[in-house]
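# Examination of the molecular architecture
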Amino acid sequence: MELLELVCNDQLNPKRVATTNGGEYHSPCPGCGGKDRFIIWPAKNRYLCRQCRKTGDVIQYLRDFRGYSFQEACCKANVESKPGRSSFINRNRNTGFTPLKLGLSDPQWLLKAIKFIDESHHSLLTNSEALALVKNRGFSLDSIQKFKIGWNPIFLSVEWLAETPKRKIWLPRGIVIPSFRDESLQKIKIRRTDWTPEDEFPKYLEIRGSVSAPSTYTITQGNPIIIVESELDAMLVQQEAGDICNPVALGGVSKKPDEYLHSILLKAPLILFSLDYDEAGMKAFAWWKKQYKALSIWVTPFEKSIGDAFLKGLDVKTWISLGIEKFLNPEQH
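Residues numbered from 1 in each chain as written. Predicted model: local features only at pLDDT ≥ 70, side-chain atom pairs only at ≥ 80, totals over all residues. Heavy atoms only, no water.

## Observations regarding helix 2 (residues 58-66)
To be explicit about the condition: For the exposure calls, accessible area comes from a 1.4 Å probe over protein chains only, and a residue counts as buried if that area is under 20% of its type's maximum, exposed if over 50%, partly exposed in between. Strands are runs of DSSP state E lasting at least 2 residues, helices are runs of H or I lasting at least 4, and numbering of each runs from the N terminus. Definition of a polar contact: a pair of N or O atoms within 3.5 Å, with one able to donate and the other able to accept a hydrogen when the atoms are protein atoms, and with sequence-neighbouring residues admitted only if both atoms are side-chain atoms.
Extensive coverage of helix 2 is indicated by the burial of 9 of its 9 residues. The opening residue of helix 2, the one whose side-chain oxygen lies 3.2 Å from the backbone nitrogen of isoleucine 59, is aspartate 57. Positive phi appears at glycine 67, one or two residues downstream of helix 2, with a value of about 75°.

Written out as C-alpha cells, the structure reads:
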C-alpha cells in the first residue's frame, strides 16, 4: 500500500510542492492538525510532521493515526511482519497523547472569510434550489440561519493570506459549512456538489487558513458528548437533540482532539463514539478508547452515518437517549 494513497483516503488533500527526492507533498497533519506541516515523500513511502515531529512509514502511519496494532497495520499494508520489529517500535515510540493548543486564524484571513460566509449565507437564502438541497438533508430554516450555512455557486480562487509568494485559496462550488467557537470563526468547509467517487480531490474541502480542530457546538456542562465525523451531522444532532447532548464533529476520521476539546472530554460523564460505520471508523475507536475511559461506541442502527440514517427515518433524539440510558444506567439493561 502506498502512503500517499492513505493520506488521500483520510481526506487530507496533499499538494505536490516539490520534485526533489522523487516528489514531495504537503498536507495538514492527521494527528496534530498542523497546516501544511505534514510532509510525504511517496518515492520513499515516508512522512514527517514538522509540528508534532511524528515520522515513519506506512506501518507507522496506520499505528499513529488509525489506531492499528502492529500486526493489523502489516496486514493492511500487505507487508510481512518481521520478528522483533513490533517490540522495537513499541520501545521507541511515544504512546502518550499530548493535545495541541491551537491558536486563532490569521486576522487577514478571518476578515475575508467572514465576508465570504455572509455572502454565501445570503446566496443560500435567496437561491430556492440550493436552499431545498440543504433542507432535504433535514435542516430547518432556523438551523440554517443559526449555523450560517451557505452556498457558493461558482468556483473561486482567492488570496486571503498574506504570504510571500501568495498562494491561491480554492473555494469550490457547494454547501459552505462554517464552524465557530465562542462565537469566533474557526474554520470553513465546503461540501462539493460536483464531487464524484472518481474525483482525486475530497468531497469535503477544508479551506486553507482554517484552524484545523474539531468543531464544538453548544457545550452544556454535565451533558454527555457524542462524537461524529462530519460537521453537518453534528449540526443535525444539535438541531434534534442539543438539549440532551453536546455534539462534536472531528472533521475527519483521523483527527484528534485539541487542548480545548481534550479538557472537555476528560470531564464528560459519557462520550458516545459515533463515527461513520466503516473500517476506518472502527479502527479509530481503538485509539479513542485508550484515551477516554468514559467513551463507548454507539453507531446508528442502519446506514453508516447519522445524517444518512436520519433521512431513512431515524429518530435521532430517541436513539441518543437510548445510548445515554444504556451506558449511564447499565444495571437497568
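## Notes on unusual backbone geometry
Look at aspartate 182: it is not a glycine, yet its phi comes out positive at around 55°. For aspartate 182, the location among the structural elements is in the loop between strand 9 (174-181) and strand 10 (184-192). If you check the backbone angles, glutamate 303 has positive phi at about 60° while not being a glycine. With respect to the element layout, glutamate 303 can be found in the loop between strand 16 (295-297) and helix 11 (306-311).

## Describing the sheet that holds strand 15 (residues 271-273)
In a beta sheet, neighbouring strands are held together by backbone hydrogen bonds and run either parallel or antiparallel to one another. Convention followed: Note on pairing: DSSP must find at least two bridges between two strands before they are called paired. The contact rule is simple, with two residues in contact once any of their heavy atoms fall within 4.5 Å. Simply put, an axis is a line fit to the C-alpha atoms, just over the touching stretch for a helix, and the angle between two N-to-C directions goes from 0 to 180 degrees.
With mixed pairing, the 5 strands of this open sheet are ordered in space as 12-14-13-15-16. Edge positions in the sheet fall to strand 12 (215-216) and strand 16, since each of these pairs with one other strand and no more. Of the pairings in the sheet, the one linking strand 13 (residues 225-228) to strand 15 comprises 3 bridges and is parallel in character. Each bridged residue has a counterpart across the sheet, and for isoleucine 227 the counterpart in strand 15 is phenylalanine 273. Packed on one face of the sheet, helix 9 (residues 259-267) meets strand 12, strand 13, strand 14 (246-249) and strand 15 and runs near 135° to strand 13. Contacts from helix 10 (residues 279-291) reach strand 13, strand 15 and strand 16 within the one sheet, and its direction differs from that of strand 16 by about 160°.

## Here we look at helix 8 (residues 231-241)
Where burial is concerned, most of helix 8 is hidden: 9 out of the 11 residues are buried. All of the buried residues in helix 8 are Glu231, Leu232, Asp233, Ala234, Met235, Leu236, Val237, Gln238 and Ala241.

## Concerning the nonpolar core
In plain terms, the rule: Among buried residues, those of type Ala, Val, Leu, Ile, Met, Phe, Trp, Tyr and Cys that are joined through side-chain atoms within 4.5 Å constitute a nonpolar core.
With 34 residues, the main nonpolar core has Leu124, Phe139, Ile149, Ile226, Met235 and Ile320 as its most contacted residues. For this core, the element with the highest residue contribution is helix 8, accounting for 6 residues. Beyond its immediate sequence surroundings of up to four residues, isoleucine 226 is in contact with Val237, Cys245, Asn246, Pro247, Val248, Leu272, Ser274, Ile306, Trp319 and Ile320. By size, the runner-up hydrophobic cluster in this structure holds 22 residues, among which are Leu3, Cys32, Val58 and Phe70.

## Overview of the pattern of salt bridges
Put simply, the rule reads: Salt bridges are identified by distance alone: a Lys or Arg side-chain nitrogen within 4 Å of an Asp or Glu carboxyl oxygen.
In this structure the tally under the stated criterion is 12 salt bridges. Between glutamate 231 and lysine 187 there is a salt bridge whose closest N-O contact spans 3.2 Å. Residue glutamate 231 is found in helix 8, and its partner lysine 187 is found in strand 10; the two are separated by 44 residues along the sequence. One exposure class covers both glutamate 231 and lysine 187, and it is buried. Measuring nitrogen to oxygen at the nearest pair gives 3.0 Å for the salt bridge that ties glutamate 303 to lysine 312. By relative accessible area, glutamate 303 is classed as partly exposed at 34%. The exposure class of lysine 312 is exposed, given its relative accessible area of 57%. Salt bridges here are not isolated pairs; linked through shared partners, they connect Lys187, Lys189, Glu206, Glu231 and Lys255.

## Regarding the sheet that holds strand 3 (residues 38-41)
Strand order in this open sheet of 5 strands is 1-2-3-4-5, and the pairing throughout is antiparallel. At either end of the open sheet lies a strand with only one pairing partner, and these are strand 1 (15-18) and strand 5 (55-56). The pairing of strand 4 (residues 46-49) with strand 5 spans 2 bridges and is classified as antiparallel. Bridged to tyrosine 47 within strand 5 is glycine 56. Contacts from helix 2 reach strand 3, strand 4 and strand 5, with the element oriented near 40° to strand 4.

## Some thoughts on the pairing of strand 9
Here strand 9 lies mainly inside the structure; 7 of its 8 residues are buried. Bridging between strand 6 (residues 150-152) and strand 9 involves 3 bridges; their strand directions are antiparallel. The residue of strand 9 that forms the bridge with tryptophan 151 is isoleucine 175. Sheet topology note: the strand 9/strand 10 ladder contains 8 bridges and is antiparallel. What sits directly across from glycine 174, in strand 10, is arginine 192. Hairpin connection, strand 9 to strand 10: the antiparallel pair is bridged by 2 residues, and aspartate 182 has positive phi, about 55°.

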